[in-house]
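Given next are the chains, with one letter for each unit.
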Amino acid sequence: MISGKMLKDALISAALTLSDMKKQVDELNVYPVPDGDTGTNMSLTLTNAMNALQNLDDGAAVSEVASVAASAMLRGARGNSGVITSLLFRGFSKGLADKKEADCDDMANALEIGVDAAYKAVMKPAEGTILTVARVSAEKARESSFITNDPLVQWSDVCAAARDALDKTPEQLPILKKAGVVDAGGKGLVIIFEEMFRAFKGEPRTVVNQPKIISDSKMSFTVQDDETQEITFGYCTEFIVNVTDFKKKPADLRKYLESIGDCVVVVDDEDIIKVHVHTDHPGQAIERGLTYGALCNMKIDNMRLQREKKAAAKKKLNEKPVPAKPEKRFGFVAVANGSGVESMFTDLGADCIVKGGQTMNPSADDILRAVYSVPAEIVFILPNNKNIIMAAEQAMKLSEKTMCVLRTTSVPQGMSAMMSFDPDSDFDTNRMNMSLAAEKVQSGLITFAARDSSFSGHEIKSGDILALENGRLSFIDRDVTRAAYKLTRKLVKNLKGSAGYVTVLYGSDVSDDKASELENIIKSKLSSLDINFVKGGQPVYYYIISVESE
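Since the model is a prediction, treat every value here as computed from it, not as a measurement.

### Comments concerning the packing of helix α5 (residues 104-121) against helix α7 (residues 151-172)
Closest axis-to-axis distance for the α5/α7 pair is 9 Å, and the angle between their directions is 30°. By the angle between their axes, α5 is roughly parallel relative to α7. The crossing of α5 and α7 is right-handed. On the side of α5, the interface is formed by C104, M107, A108 and L111, while α7 contributes P151, Q154, W155 and V158. Split into classes, the residues belonging to the contact of α5 with α7 amount to 7 nonpolar, 1 polar and no charged.

### Considering the sheet that holds strand β11 (residues 442-448)
The mixed open sheet is built from 6 strands, whose spatial order is β15-β14-β11-β18-β16-β17. Every other strand in the sheet has two partners, leaving β15 (472-477) and β17 (530-535) as the edge strands with one partner each. Neighbour to neighbour, the strand axes of the sheet diverge by 20° on average, direction disregarded. Against the sheet, helix α16 (residues 411-419) engages β11, β16 (499-506) and β18 (543-549), with an angle of about 40° to β18. With respect to the sheet, helix α19 (residues 512-525) is in contact with β16, β17 and β18, its orientation differing from that of β17 by roughly 170°.

### Things to note about the packing of aromatic side chains
Inspection of the entire model under this criterion finds 9 aromatic pairs. Centre to centre, the rings of F380 and F427 are 5.6 Å apart; their planes meet at 20°, and the pair counts as stacked. Of this pair, F380 sits in strand β9 (residues 376-382) while F427 sits in helix α17 (residues 427-440), and the two are 47 residues apart along the sequence. There is no split in this pair, since F380 and F427 are both buried. A connected cluster of aromatic rings, assembled from ring pairs, spans F330, F332, F380, F421 and F427.

### What to know about the environment of A417
Turning to its location among the elements, A417 is positioned in helix α16. Taking C-alpha positions, A417 is 40 Å from G95, a pair spaced 322 residues apart along the chain. Those residues within four positions of A417 in sequence are excluded, and the remaining contacts are L382, T408, M434, A437 and A438.

### Some thoughts on the sheet that holds strand β5 (residues 272-279)
Strand order in the open sheet formed by 4 strands is β4-β5-β3-β6, and the pairing between neighbours is antiparallel. Edge positions in the sheet fall to β4 (261-269) and β6 (293-302), since each has one partner strand and no second. When the angles between neighbouring strand axes are averaged without regard to direction, this sheet yields 10°. Sheet analysis places β4 next to β5, joined by 7 bridges and oriented antiparallel. The partner of V265 across the bridge, within β5, is H276.

### Quick look at the side chain of H276
Mapped onto the elements, H276 comes out in strand β5. A relative accessible area of 1% means that H276 is categorised as buried. Side-chain polar atoms of H276 contact the side chain of H278, separated by 3.5 Å.

### Re unusual backbone geometry
Here D98, not a glycine, exhibits a phi torsion of approximately 65°, which is positive. Residue N297 is not a glycine yet carries a positive backbone phi of 50°. Tracing the sequence through the fold places N297 in strand β6. Note on N297: relative accessible area 55%, which makes it exposed.

### Overview of the pattern of salt bridges
Counted by the stated rule, this structure contains 31 salt bridges. The shortest N-O distance in the salt bridge between E195 and R198 comes to 2.2 Å. On the criterion of helical spacing, the pair formed by E195 and R198 is a turn pair, its members being 3 residues apart in helix α9 (residues 184-200). Overall, E195 belongs to the buried group, its relative accessible area being 9%. You can call R198 partly exposed: its relative accessible area is 35%. Linked by salt bridges that have partners in common, R75, D365 and R369 make up one network.

### Digging into the pairing of β17
For β16 and β17, the ladder comprises 6 bridges, and the chain directions are parallel. By the bridge assignment, Y506 is partnered in β17 with K535. Read as a crossover between parallel neighbours, the route from β16 over α19 to β17 is right-handed.

### Some remarks on the nonpolar core
In a soluble, globular protein the nonpolar side chains are often hidden away together inside. L7, F92, L96, W155, I192, F193 and M196 are the most contacted members of the largest nonpolar core, which has 88 residues in total. Of all the elements, α9 adds the most residues to this core, at 10 residues. Beyond its immediate sequence surroundings of up to four residues, W155 is in contact with F92, M107, L111, F193, M196, F197 and F200. Formed by 31 residues, the second largest nonpolar core is a distinct cluster that contains C404, L406, A449 and V534.

### A look at the packing of α16 against α17
It is at 8 Å that the axes of α16 and α17 come closest, and there the two elements cross at 140°. It follows from the interaxial angle that α16 and α17 lie oblique. Here the hand of the crossing between α16 and α17 comes out right-handed. On α17, the residues that touch Q413, S416, A417 and M418 of α16 are M434, A437 and A438. Classifying every residue of the contact of α16 with α17 by side-chain character gives 5 nonpolar, 2 polar and no charged.

Here is what the cut-offs are and how they apply
- Residues numbered from 1 in each chain as written.
- Predicted model: local features only at pLDDT ≥ 70, side-chain atom pairs only at ≥ 80, totals over all residues.
- Heavy atoms only, no water.
- Axes fitted to C-alpha atoms, helices over the stretch in contact; angles between N-to-C directions.
- Helix = DSSP H or I, 4+ residues; strand = E, 2+ residues; numbered from the N terminus.
- Parallel < 35°, antiparallel > 145°, perpendicular 65-115°, else oblique.
- Left-handed = near helix turned anticlockwise from the far one by under 90°.
- Contact = heavy atoms within 4.5 Å.
- Nonpolar A, V, L, I, M, F, W, Y, C, P; charged D, E, K, R; others polar.
- Pairing = 2+ DSSP bridges.
- Phe/Tyr/Trp six-rings, centres within 6.5 Å; stacked < 30°, edge-to-face > 60°.
- Buried < 20%, exposed > 50% of the residue type's maximum accessible area, 1.4 Å probe, protein only.
- Polar contact = N/O pair within 3.5 Å; in protein donor to acceptor, adjacent residues only side chain to side chain.
- Salt bridge = Lys/Arg side-chain N within 4 Å of Asp/Glu carboxyl O.
- Right-handed = clockwise from strand over helix to strand, strands pointing away.
- Core = buried A, V, L, I, M, F, W, Y, C linked by side-chain atoms within 4.5 Å.

This is the structure in structure tokens:
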């Protein structure tokens, strides 16, 4: 039988190991554009569960453990892979409800319920993905439950089936086969299942306080950072001494610092001494350091104040958000990143901006809290990225408030949707008009390849300039300005003579001079159009291009 403690240890072990291996999973991504990587999103989702489970008593029933983990994952789910993972474990919460311990039949039920929910959540489920690995695992769990009452035997079968399904993903998705990799989400799930099995066998991992790394270009040392440890001395004091008096011994400096504080670390390397000490008299530590030479990189932190702030922030994070009292009929939450992009959405009427985008996928809880902050009866959510839509829809399921997720996959779609909003129209009319407006706009993105890849018939090298046309890779270039003009021209051509407005948001890696150069080119070549350049300040994308009809 699987007890509550066994399941708790299994999920914590899985979270720790996936955190260690997330980069390996990330590297399996075949899409060359920088993104909120699969391994990272799955790891963050499980870490949310781990943090919640650490506060749970070891004597908790398996149903309570499953419920707490599922709730934390659902709220912390990031990206499509994170949401799918959270839904799989929501199956555990439902399948193990009212159970003190779980037998093989219970575990099979849990997996089946989770797989069913995950498949239903994806608009167009594709085989050769994490869904396939999960489904095959659930089928094996059910098959195994007919022939054994030993959960260890069953979970061993589940892991074997998951590995086998993962190995077959390249045969189901040609893009994986061409890249010579297995599915990233499937790999993450195999890691989770295997770590759970190890914990079930009595070999769980445990959470340890991670040491704080203190480093510079010449040397580094570690200091154990334990938030539960009593603070005896209040100021964390660090500095580097550029030694001028070589007759003085670093050991004497250490001895002095130990007399006025604790957690003393003194590391010397020829002409410098690096110092870390917790003390109530940072001035005295600095004065003594000055007798050895000139100081640099000085840092003093009030640890008691830091702890108070951390505790307050943690308390606020753990508090259930309360919806703001409605003051109007409609409100808006937009996901955006970059001061100019955020300002545009605010100017268009967004009540709250959730910072996020391609490489920074907000969690369902981030979006939910933003929605609750809006004093409106109905809140429209604009994810503005295809990898954030599922988290937004998850937030909607968790909400007590009326919400509507407009499935915008780009910033231009989000802006076009908001511009079509009519405060005098009813909900259904606005939802329809905003969705139609988002579909009509032509969206272009200029970014770079984060990795070598064979994708959509293109051989891509890391650093290549990528032009994305309405979410699909259109062409590759080596020059950002040239690529941006070519893409703008293609987007205009797509509207077959009806194009009237071009808006170009230039990112944080584009200088004003370079943006002006592109603006002059577009205005000279496409002089009949209304062209507007805005300093978006967004990361990842050199340019975000929107083309709309007159």
